[in-house]
Amino acid sequence: MDAAQKFTNNPWKVYEEETPSTTIRYDERSSGLQDCLQLHHLQLLRDSFTRERTRYIRPRGRVRAHNSGPPAGAMSLEQFRSVLTSATGDESWNGSIEELFNELDFFCDGCVVWEKLCSFVLQQMRQREDLSNVSKHTVLSSEPLIRHCLQNRQEPVTRIVEVSQPPPLRYITISKGGTLTVWNSCLHLLKSLDLYGDTGDEAGLGRRVRGWTTDAVYLPNVHKVAVVSMSRDLHLIDVSASSCCKEFHVSGLSHVATALCYWYNAEAPGEKCVLMWGDEKGAVNLLWFLQPLKCLFETPFSNQTGPQRVLLQEICGQTSFVSYHQIPKIHSEPINRIKYEPRSNLIATSSESATCSVIIMDLNQRCESYIWKIEKGVQCFDISWSLGLLVTAGLDPALRIWNRYVPSQPVAVLQGHRTTVVDVVIHQALEKIFSYCKNAVLKIWDIPSQLCVKTVPLKFPNIQTGRIPEQGHFPLLLSLSGAPALLLSCREYLALLRLQNPASGPGPNQAFSCSLYIPLLKQLVTACVDSSLVVWDVETGRKHLEVKNAHGHEEITALTTDPSQHRLISAAANGTIKVWSLLNGHTLHKLEAVSDTEVTGVICLHGDQLLAVGWSRLVAQYSVGDALKDMYVKADLSWRSGRLHSEDVLAVHHCPALRLLATGSYDGEIIVWTLDTQRPGSRLQRPHIGREYPPTDRLLFLQKRAEDKQRRTKAVLLSSQAGCVHWWSVCGHTHSHAQFYVPKRADERVKALNTNQDNSLLFTGDTTGSISVWDISQYGLSDGDELVTEQPPLLHTWRAHEGALVSLEVLEPSCELFLVSVSTDNTLRLWFRNGGCVGCFGEEQLWNLNDPSTYEFNRERPSSPREEEQDTTGIHQSETIRDLPGLSGWGQNPVGGTRAKISLGEGDHGQTDRRRAESLRRAVSSSFSAVQHKVALEEHVTTELQRMMIMKKNSRSNFNIDKSKLCRIGNECTPFQALKIVELKNLEDLPPRPWILSHSPSFSRVTELSSPLLSSDGSAPSGTVDSSPNGEH
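Residues numbered from 1 in each chain as written. Predicted model: local features only at pLDDT ≥ 70, side-chain atom pairs only at ≥ 80, totals over all residues. Heavy atoms only, no water.

When helices and strands are tallied, the chain shows 14 helices and 63 strands. Looking at the 1033 residues of the chain, the share that counts as buried comes to 50%. In the chain, once contacts between residues fewer than 6 apart in sequence are set aside, the share between residues at least 24 apart is 52%. Per element, the accessible surface of the chain, about 49,600 Å² overall, is 49% carbon and sulfur. (Helix = DSSP H or I, 4+ residues; strand = E, 2+ residues; numbered from the N terminus. Buried < 20%, exposed > 50% of the residue type's maximum accessible area, 1.4 Å probe, protein only. Contact = heavy atoms within 4.5 Å. Areas by Shrake-Rupley, 256 points an atom, 1.4 Å probe, with all protein chains shown as cover.)

Taken as a whole, this structure holds 5 cavities of 30 Å³ or more when the rule is applied. By volume, the second largest cavity is sized at about 90 Å³. In this structure, the second largest cavity is lined by 14 residues; those nearest its centre are Val594, Ser595, Val599, Ala612 and Ser616. Every element with two or more residues in the lining of the second largest cavity is listed here: β42 (609-614) and β43 (620-623). The leading source of residues in the lining of the second largest cavity is β42, at 3 residues. For the lining of the second largest cavity, a count of residues per class yields 8 nonpolar, 5 polar and 1 charged. (1 Å grid on protein atoms, 1.4 Å probe; cavity = no way out; pocket = protein on both sides within 12 Å on 5 of 7 lines; lining within 4 Å. Points joined across faces, edges and corners; volume = space filled by probe spheres on them. Nonpolar A, V, L, I, M, F, W, Y, C, P; charged D, E, K, R; others polar.)

This paragraph deals with the side chain of Thr349. Tracing the sequence through the fold places Thr349 in strand β19 (residues 346-351). A relative accessible area of 1% means that Thr349 is categorised as buried. A distance of 2.6 Å separates a polar atom in the side chain of Thr349 from a polar atom in the side chain of His331. In this structure, Thr349 is in contact with Val284, Ile330, His331, Ile335, Arg337, Ile338, Ser357, Val358, Ile359 and Phe381, ignoring residues within four places of it in sequence. (Polar contact = N/O pair within 3.5 Å; in protein donor to acceptor, adjacent residues only side chain to side chain.)

Along an α-helix, residues three or four positions apart point the same way, because every turn accommodates 3.6 residues. The terminal C-alpha atoms of helix α4 (residues 77-88) lie 16 Å apart, and with 12 residues this matches the ideal 16 Å at 1.5 Å per residue to within 8%. Buried within α4 are the following residues: Phe80, Arg81, Val83, Leu84, Thr85, Ala87 and Thr88. Within two residues after α4, Gly89 carries a phi angle of roughly 70°, on the positive side. (Expected span 1.5 Å × (residues − 1).)

Another aspect to go through is the packing of aromatic side chains. Each aromatic ring pair is described using two quantities: the centre-to-centre distance and the angle formed by the ring planes. Enumeration over the complete set of coordinates arrives at 18 aromatic pairs. When the centroid spacing of 4.8 Å and the interplanar angle of 45° are considered together, the rings of Trp12 and Tyr632 count as tilted. Separated by 620 residues along the polypeptide, Trp12 in the segment before α1 (13-17) and Tyr632 in strand β44 (residues 632-633) bring together distant segments of the chain. Note on Trp12: relative accessible area 16%, which makes it buried. Note on Tyr632: relative accessible area 33%, which makes it partly exposed. Summarising the aromatic geometry, the rings of Trp727 and Tyr779 are spaced 4.9 Å apart at their centres and angled 70° between planes, so their arrangement reads as edge-to-face. With Trp727 in strand β51 (residues 724-729) and Tyr779 in the loop between β55 (770-775) and β56 (794-799), the pair connects residues that are 52 residues apart, well separated along the chain. Tyr779 shares its class with Trp727; the two are buried. Taken together through their ring pairs, the aromatic side chains of Trp727, Phe740, Trp774 and Tyr779 make up a single cluster. Lying over the aromatic face of Phe474, Arg159 brings its terminal NZ or CZ to 4.0 Å of the ring centre. We note Lys176 situated over the ring of Trp212; from NZ or CZ to the ring centre the distance is 3.5 Å. (Phe/Tyr/Trp six-rings, centres within 6.5 Å; stacked < 30°, edge-to-face > 60°. Lys NZ or Arg CZ within 6 Å of the ring centre and 35° of its normal.)

Another aspect to go through is the environment of Thr827. Structurally, the position occupied by Thr827 is in the loop between β58 (818-823) and β59 (828-832). Considered as a pair, Thr827 and Ala511 are 316 residues apart in the sequence and their alpha carbons are 8.2 Å apart. For Thr827, the residues in contact, after removing those within four places along its chain, are Phe512, His801, Ser821 and Val822. A polar contact of 2.4 Å, which involves the side chain of Thr827, links it to the side chain of Asp825.

Bringing the confidence of the model for the chain into the picture now. Of all residues in the chain, 72% attain a pLDDT of 70 or more, and the chain-wide mean is 77. Within the model, the stretch residues 131-135 combines pLDDT values under 50 with 3 contacts to residues more than four positions away or in other chains. The model gives residues 197-209 a pLDDT under 50, and that stretch makes 33 contacts with residues more than four places away or in other chains. (pLDDT = per-residue confidence, 0-100.)

Strand order in this open sheet of 4 strands is β18-β19-β20-β21, and the pairing throughout is antiparallel. A strand with exactly one partner marks an edge of an open sheet, and here the two such strands are β18 (335-341) and β21 (370-372). Ignoring strand direction, the axes of neighbouring strands in this sheet form an average angle of 15°. The sheet contact formed by strand β20 (residues 358-362) and β21 spans 3 bridges and is antiparallel. Opposite Val358, over in β21, you have Trp372 as the bridge partner. (Pairing = 2+ DSSP bridges. Axes fitted to C-alpha atoms, helices over the stretch in contact; angles between N-to-C directions.)

Here it is as structure tokens:
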């Protein structure tokens, strides 16, 4: 079926089925004005709106016709300001009044009515009350993801185990019948393994494990999973390789193990560790592994295939590898939970006994134990040792919160479940308690308020009305290794719930996909792969507005704005397009999706006409000019030329001055359309048999050149393909003017292209995380058809991010020029055009664009190991400083007068010189912001710096340092790998020089480099190296 025909029956179904969006405001600028409004102020405003409504009505009821101005009963901004100022009697709210008006202007039509004001005030009061604890009560970040484990053969899951090492993160479920199933972090099935009773006997391969599994635990330092069963045995499965395999089978346990716990020293994984279990007789067993990284058990060599069989009674004498100890009769009933606290050497256990429900005891039994006596015992518990908090659940549906030092009376009893709670876990960072009951209902409790903040009934397919499904012994897992998640089981089904990351502050948590700068509002809009939109204030770096689930769960792939810059248009990977109000985050329109494929670009033309392109290869048109029309806007597919691209369209750009539209596709073809005729004016790089082109990543029109009648016939269109920037002439004779490769490494790509308003500078960002600034004021203006391959003058380049660049936004709020870089490493930074970092969006440390002292490179702060690590990697450092204004004689050659290029942050510089250069760069960068921050560099400072740089250059040339071999291993720099040590020669016939005899205790630099410590084979040199005829080094 054709992609455009996919949604013919119900084109709006995709909007009806998606997750509703949620808007959160982070800085209520007009909140002070709202707090000032009292009841009598609102009464005065109501009377003013009433007068505006009656003014347009004649006494006989005939409505006056008005061709201009707001409609009846509505106020414009000036009227609203005048009325509100007279009502409050305070003119200091003028700035806040305009912001409040923008909030009320829902449809961006320039007028507000009384009903809007009432609704907004009530909405803000309710939102302020509900969202005061938004970070406190917003725990789940996604809907439950449910999977069916067919390998369990309808047997319940006994335990879910988290395997974080070696990466990637995996989850392993152990069924009641002994089936291990491995899942990835998104609950996609990877592999499964069955535990057999006798794998060494071929005849027994068909028999399942004798007895049901009771518990399992992961041993991170040895990469094994321990599984115990009712056959009184212990299985150790190796999960370090791609395929799981049984390594040890320990039998002969005194009683059935019912609960497992494991501890090891994370800072010293090779030291002794302990595997603990409680058994059916109420005893605690401790199996210490003394040399875990060397060997768990001392087993003789054998030709036996399958797991090594170990008898517990036999390994008790292996004092060099294993130590076994048992503490009997702690409980009178089987132990169902066991926890260990290594600092205090405490063990917490629970059972269904009413006389000893929970016991916290010293492992060495030197202190008196704490005993909880709870009627009907305890089914499950969890304890936070740092908070001193104990949570228990028994046969009744109640949860009890205890002080771990006061077993006599609970602190609180939490009622809410209707059936028995089968598992409970404490999330200390979020201050939450998760409880899960038999009828598959999850409740989230807030610890400080002791209230239930959310109830999640999990809709497993096996749940039947009136019947309680069978649950495993341990159906709940709190995963904190990667992205925080909660995993639950219900018989053979699994559910995954993503949790809020407590470590995430106001900054982004997901990778960025695109961005857009709004000059009128001085705001930056970023889109993330998790379908969230964030509006940032570029003057401070603060998050202003966030829309979660803007397109359900689909990645947002394109952003643009309307000519008024009050409406935002976003497109997603599923073909949906929405129009938003940038003032309040409300959805204004939902545009018909012409296919379920990705929309890669949206262009807003004059008259509120939209064009959308993408993988469907169609050009869809929309009209969103009428703000009061229906929410849903149908697509117009009457573009005359139809589909001309043979591959997916990846890039699009618009030139209003020339009335042209350029689109680039995956096969490298670029089509320049004439908007008036909707037909292609030229087709560039059209692929054919035997000629292929790389995909077109970005397109950019030089708008200022296009407006100049003399320059519009030159190169006005730029395309990025496989790391090369191509310059095209599209007016008159169509041809390629120039092309050059941007990244410093091969096989990289340029994913960000932008220019300033006068098209004198070109900004590129590539997949290495680097930003380059090029002088293009005279580039691509030559006559003739000869292709130019030389690069334009490179002004600045620096490593801005660890990840690839997504986009670059150019800000020119005043006389200064700033850059916003958006990267896949979840960071968003503001820069000077010379590489000075102003700050990172979303951090606690904000900035003020009008105050250069608040910029990151101007703030005085002590250096930290993290900052020094960033210095070695070159991030936040400009690699080139040229043509700095206000610095006469900077980097000039005293002989020839030419300007030298000074590199900062390279590995061959010394630490002292790098800090001196960084300090000088910060002083230089601060001169750009204000006159009072200019630094006057004296003549001798510049001369001394030049002398030092020349000495370093000569030193590198003397030692034949190859900078291409200068690499880093981890956080350590290894500059000696770049040294080319010459072959040493025996000079036995030559007499020693006098200066050597006179300075025998000292060593020259060359002699040090020839020492055995730096020799590749570890042998000492047999002679000396003659460095220079004068004897100087």
